[in-house]
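# Structural description and commentary
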Amino acid sequence: MGKMRVLLSGYYGKGNGGDEALLATLLQMLPLDVTPVVLSGNPEETHRRYGVECYNRMAVLQVIKALRSCDAFVWGGGSLIQDATSSISPFYYGGLMTLAQVMGLKTIAWGQGIGPLLRSQTRSLAKGNFAGCTQVSVRDRSSSQLLSDWSIPHILAPDPVWALESKPVPELVDLPKPRIAVTLRNHPQLTENRLANLTQALVNLQKETQAFILLLPFQKSEDLGIAEKIHTQLPDVSRVLCSEDPQILKGVFRGVEMSIGMRLHSLIMAASEGSRCFALSYDPKVNRLMEDLEIPGWDLKDLPDDVDLISKTWIDYYNNGAALSPHKIQSLVNGAFLHQDLLKEALT
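Model, not experiment: these values are computed from the prediction. (Residues numbered from 1 in each chain as written. Predicted model: local features only at pLDDT ≥ 70, side-chain atom pairs only at ≥ 80, totals over all residues. Heavy atoms only, no water.)

### Digging into the packing of aromatic side chains
- In this structure the tally under the stated criterion is five aromatic pairs.
- A centroid spacing of 6.1 Å and a plane angle of 85° characterise the contact between Phe-278 and Trp-314, whose relative ring orientation is edge-to-face. Taken as a pair, Phe-278 in strand E12 (residues 276-281) and Trp-314 in helix H12 (residues 307-320) lie far apart in primary sequence, 36 residues in all. The same class applies to Phe-278 and to Trp-314, which are both buried. (Phe/Tyr/Trp six-rings, centres within 6.5 Å; stacked < 30°, edge-to-face > 60°. Helix = DSSP H or I, 4+ residues; strand = E, 2+ residues; numbered from the N terminus. Buried < 20%, exposed > 50% of the residue type's maximum accessible area, 1.4 Å probe, protein only.)

Here's what the structure looks like:
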């Protein structure tokens, strides 16, 4: 009998550091005796990076051919099933899952953050999809609560990216310490006025702490412009670092004193490498992480208008805040490996 073939579906190949980190972690966690096949927005790039068989996620015939050739189908992590930022997204992923279930593949929902689900049709599609899965794992309490309300068995474990192996970053060697990492993204709530205030507060924070600022775009199309804008205000004491390799992105946070982040996975990576985290939330998933880990921060909607207050809050946190304890980090990492146990159980 040949190796079991498993089709992985997520927001892959779109240049998003968080989703690439989920893919890298999923590939790291798959049982060795299965052959991964990936649906990607950029199949050539995904194949080049991970050496796996890839198909274009939007080419219907390729997707059907891939499904036919596989024995199992995995929703690979993240907020795939939500209709707040896109009403099409849940139908795309839900449609694939329905197809896989109709074709008789084993189906797994892995490392999911479910919701918000604002429309009744996306809710009922999601409920049917999850109910039809062989195994389900979720990464936060509110997703778990939703599945419990629907009476769908599942496991709850920390986001899989806690368990991603990081790599050392050679170009950091020559950069000054201490360091502060910043990851902001393009978003309607990050208005020009708020960005200007945050930038000025960063300038003040840098002056006060003499820290070197690492500006980390997690998705070039959404983040790079903002990082470059901030860099012009801190020309000699900051660096824009772009990497498409999630293990290197995670490695950047080693030895970073404090991280200010909008993106969920920038905060998870930073916390897992022992950096103090300050969140700027634009999405319920970031608020959930703040609650779970007791990370300080602001909802962008409630960001103070007073630059001095922002600066003072950051400086105070830099001087007196605490990172997660090594024990707490280890327990989150160990917890994240429950997603691996689930794959083992479902696929062997």
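Structure's up, so let's keep going.
### Looking at unusual backbone geometry
- Residue Pro-116 follows Gly-115 across a cis peptide bond; omega there is -5°.
- Residue position: Pro-116 is located in the loop between strand E5 (106-112) and helix H5 (120-131).
- Between Lys-177 and the following residue, Pro-178, the backbone shows a cis peptide bond with an omega angle of -10°.
- Along the chain, Pro-178 turns up in the loop between strand E7 (155-156) and strand E8 (179-183).
- The phi angle at Ser-151 is positive, at roughly 55°, despite the residue not being glycine.
- On the secondary structure map, Ser-151 appears in the loop between helix H6 (141-149) and E7.
- For Gln-210, which is not glycine, the phi torsion reads 60° and is therefore positive.
- Along the chain, Gln-210 falls in the loop between helix H7 (192-209) and strand E9 (212-215).

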